[in-house]
Amino acid sequence: MSEKKLSANEGIKTRSNYLRGTIQEGLADQSTGSMSEDDQQLLKFHGTYQQDDRDLRNDRRKHRLEKAYSFMIRIRVPGGVATPHQWIETDRLATQFANGTIKLTTRQAFQFHGIIKSNLKRTIKEINQTAMDTVAACGDVNRNVMCNPNPHLSSVHAEVLKAAQDISTHLTPATRAYHEIWLDGEKIETSETEEQEPIYGKTYLPRKFKITIAVPPSNDVDIFANCLSFIAIVENDKLVGYNVAVGGGMGSTHGNEATYPRLADVIGFCTPEQIVDVAEKVVLVQRDFGDRTDRKHSRFKYTVDDHGPEWILAKLNEYLGYELGPVRDYKFTDNGDRFGWVEDEKGNFHYTLFVEGGRVLDTPAFPMRTGLLEIAKIHDGDFRLTANQNLIIANISAKKRSEVEALLEKYGMHHSHERSALRLASIACVALPTCALALAEAERYLPEVVTELEEELENAGLRHDSITIRMTGCPNGCGRPFISEIGFVGRGPDRYNLYLGGGHAGQRLSKLYRQDIHSNEIRGLLGPIFQRFAKERNAGEHFGDFVIRAGIVAETKQGSDFHKNIKEEALKN
Ligand code: SRM
Ligand code: SF4
């Protein structure tokens, strides 16, 4: 595609013998808690990242000690569905090998933090014994495939969950390296011709790739932030197919205008039978045309922008050997979760629990982790992880409901859905102390900010208004802050960019309102805007729409206009 030099990671992948590298040798080396630079890149494909505890860095430097290295492990949970047994085992592993907490991520996955190198293999092996895995949870491949976590609502949701799982299976790397390294699988001597990755090839994708499926009117998986999305089209209670959306993504870098968040373009329609094929062919287009020279420009959103969505559609049709149909109408109303109890038509019950920052842990005042473990022990349904970092205790039979309810009460979780609408609509990425890229706090700090803003909202009489609020420790955007109505993006210790005006259904990017503010300015900046919102809003108007209409932030052009009208129309009632 270009004569520019390939990025270093391309060489690492090429030399890795299908993701083996020297990981086994590195794990055996007890002289250090870390792995070699190249193997750190390869480990991502196996679902784990080397990190160090940033809270301890200075102290350890002073004492001339190696950094406090440990590993984060990400467990894939396609569609976010886990059994009670898997929950119990996840809880056990969190205590035995990790830091005693479970992180529910913004992509419906579990994460452990704080696993030391000597426990890494055993932890991954035991995760696999629970019929979950970590392969391709990270790395330049397709990641955990998301879908709305409410399959109980109709049979359509069940079909969609199955489609998400089928795509996930189909796009899982074929290399035996994972089995050899972590599961003591038989070692296969490979050459390029002996072991093939039929979809990815030996250099995999130029960069990570993300897929999701949504069933309107809920956009709780934020389809416009994904590389590839499918929007279920339901007619007369039957799933007739999916609109196909390409080229969404959030990541950017402060001061680098060539990087930016981008909303996906809706380019066509496919039938339910075609969905796996379409997913594969979009991945192939990115494999063949994505930029492998500059990792800051290698996400699929840039491939879509560089060539244009029309070109992507034409290339996709060529790869498919048939044409996608015309885009069908759809409408999203919001991208949040529905909290509390709900009963479905079969008489089963579901409770959506608010998990602040997605962190399941015990505190003396609030032993949530123990409570959920006790529930898992008697639960006869399943657990659903949401893309908003919350948890649905799902498919509780009528005979178990009172037992679950009693446990929710015993462990102080029964009021979780009565928190303020602002808190319930909050997301915070991990950030400090584990994330190597964090410039500022997020998960540990957003709860405090929300408490302050709750007071301002209370003063304005807006306690019950759902306003999406998201904070990330850097502009990589792991909490999708660029599509929330209020977004904080870390710049440095205690400093953030403040974004306003994202769409309440995640259908519009937010705009930069104030750059590089100190955290102690947040309340003073937002309080007066809440007051104006309370007084000047139109009936039913969302905060994000209001700040644009009121001229508080300008509506600026971002991303492509292709099918922009459809995105805007999607919200109109
Ligand atoms: Fe993310 C990198 C955490 C969802 C965009 N992300 C990271 C790393 C692995 C840091 C690193 O590379 O060293 C973070 C690990 C922190 C830690 O200590 O655990 C991290 N990302 C997360 C999670 C755990 C945030 C959370 O609190 O829930 C989410 C895990 C999702 C999962 O289960 O797979 C998470 N990351 C996202 C999302 C949201 C989404 O996918 O819907 C995004 C924005 C969407 C997108 O991809 O554009 C996102 N993460 C990034 C990026 C920016 C990529 C880019 O295009 O430039 C990075 C940095 C990178 O890849 O170089 C990153
Ligand atoms: Fe880390 Fe930045 Fe992602 Fe937050 S947004 S988890 S700080 S990479």
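Definitions and cut-offs
Residues numbered from 1 in each chain as written. Chains lettered and ligands numbered in written order. Predicted model: local features only at pLDDT ≥ 70, side-chain atom pairs only at ≥ 80, totals over all residues. Heavy atoms only, no water. Donors = N, O, S within 2.8 Å, 3.2 Å for Na, K, Ca; no water. Helix = DSSP H or I, 4+ residues; strand = E, 2+ residues; numbered from the N terminus. Buried < 20%, exposed > 50% of the residue type's maximum accessible area, 1.4 Å probe, protein only. Pairing = 2+ DSSP bridges. Salt bridge = Lys/Arg side-chain N within 4 Å of Asp/Glu carboxyl O. Right-handed = clockwise from strand over helix to strand, strands pointing away. UniProt positions renumbered as here; feature names shortened; annotations may be inferred. Contact = heavy atoms within 4.5 Å. 1 Å grid on protein atoms, 1.4 Å probe; cavity = no way out; pocket = protein on both sides within 12 Å on 5 of 7 lines; lining within 4 Å. Points joined across faces, edges and corners; volume = space filled by probe spheres on them. Nonpolar A, V, L, I, M, F, W, Y, C, P; charged D, E, K, R; others polar. Axes fitted to C-alpha atoms, helices over the stretch in contact; angles between N-to-C directions. Parallel < 35°, antiparallel > 145°, perpendicular 65-115°, else oblique.

Asks: Help me understand the coordination of the iron atom of ligand 1, please; the structure alone is not making it clear to me.
Replies: Geometry sets the ideal angles at a metal, namely 109.5 degrees for four tetrahedral donors and 90 or 180 degrees for six octahedral donors. Within the protein, just one atom coordinates the iron atom of ligand 1: C478 (SG), at a distance of 2.3 Å. Tracing the backbone through its elements, the reader meets C478 in the loop between β17 (469-472) and β18 (486-492).

Asks: Looking at this structure, how should I read the pairing of strand β12 (residues 349-353)?
Replies: Consecutive residues of a regular strand have side chains that alternate between opposite faces of the sheet. Among the five residues of β12, five are classified as buried, and the element is accordingly described as predominantly covered. Covered by surrounding structure in β12 are F349, Y351 and L353 together with H350 and T352, the residues of both alternating faces. The antiparallel hairpin formed by strand β11 (residues 340-343) and β12 contains five residues in its connecting segment, where G347 sits at a positive phi of about 90°. Across four bridges, β12 lies against strand β15 (residues 391-396) in antiparallel orientation. Directly across from Y351, in β15, lies its bridge partner I393.

Asks: How should I be thinking about the pattern of salt bridges in this particular structure?
Replies: Pairing between side chains of opposite charge can happen when the charged atoms of each approach one another. This structure, assessed with the given rule, holds 43 salt bridges. The residue R523 makes a salt bridge to E455 at a minimum N-O spacing of 2.6 Å. With a gap of 68 residues between them, R523 in helix α16 (residues 522-536) and E455 in helix α15 (residues 446-459) connect regions that are remote in the sequence. Taking the relative accessible area as the measure of exposure, R523 reaches 26% and is therefore partly exposed. The salt bridge partner of D516 is R495, with a shortest N-O separation of 2.9 Å. Placement of D516 in strand β20 (residues 511-518) and of R495 in strand β19 (residues 495-500) is noted, with a sequence separation of 21 residues between them. Residue classification places D516 among the partly exposed residues on the basis of a relative accessible area of 32%. Here the salt bridges share partners, and the residues they tie into one network are E10, K13, D140, R292 and R295.

Asks: Can you walk me through the pairing of β17 in this structure?
Replies: Judged by which residues are buried, β17 turns out to be covered on both faces: I469 and M471 on one side and R470 and T472 on the other are all buried. Here strand β16 (residues 426-428) runs beside β17; their pairing, made up of three bridges, is parallel. Following the sheet pairing, S426 is matched in β17 by I469. Note on the crossover from β16 through α15 to β17: the handedness is left-handed. Bridge analysis of β17 against β18 gives four bridges, and the strand direction is parallel. Residue pairing in the sheet places M471 in a bridge with F488 of β18.

Asks: Can you walk me through the UniProt feature "binding site: [4Fe-4S] cluster" (unreviewed entry) in the chain in this structure?
Replies: Taking the numbering used here, the UniProt-annotated feature "binding site: [4Fe-4S] cluster" (unreviewed entry) corresponds to C429, C435, C474 and C478. On the basis of their most widely separated C-alpha atoms, the annotated residues across 50 residues gather in one place, lying no more than 11.0 Å apart. Residue contacts for C474: discarding those within four places in its chain leaves L437, L439, V489 and G490. Ignoring anything within four residues of it in the chain, the contact list for C478 reads T106, C429 and T472.

Asks: Even after reading the chapter, I still don't get the layout of surface pockets, so can you show me in this structure?
Replies: Empty space among the atoms can be located by rolling a probe the size of a water molecule over them. Approximately 510 Å³ is the volume attributed to the second largest pocket. Forming the walls of the second largest pocket are 29 residues, and the residues nearest its centre are E356, G357, R359, L361 and E443. When contributions to the lining of the second largest pocket are tallied by element, the ones reaching two or more residues are β16 and α15. Taken together, the residues of the lining of the second largest pocket sort by class into 14 nonpolar, 10 polar and five charged.

Asks: I keep staring at the packing of helix α5 (residues 84-96) against helix α6 (residues 117-129) and nothing clicks. Help me out?
Replies: Close contact between α5 and α6 brings their axes to 10 Å; oriented N to C, the two are set at 170°. Here α6 runs roughly antiparallel to α5, going by the angle between their axes. Where α5 abuts α6, its residues R92, L93 and Q96 lie against R122, T123, E126 and I127. Of the residues assigned to the contact of α5 with α6, the class counts are two nonpolar, two polar and three charged.

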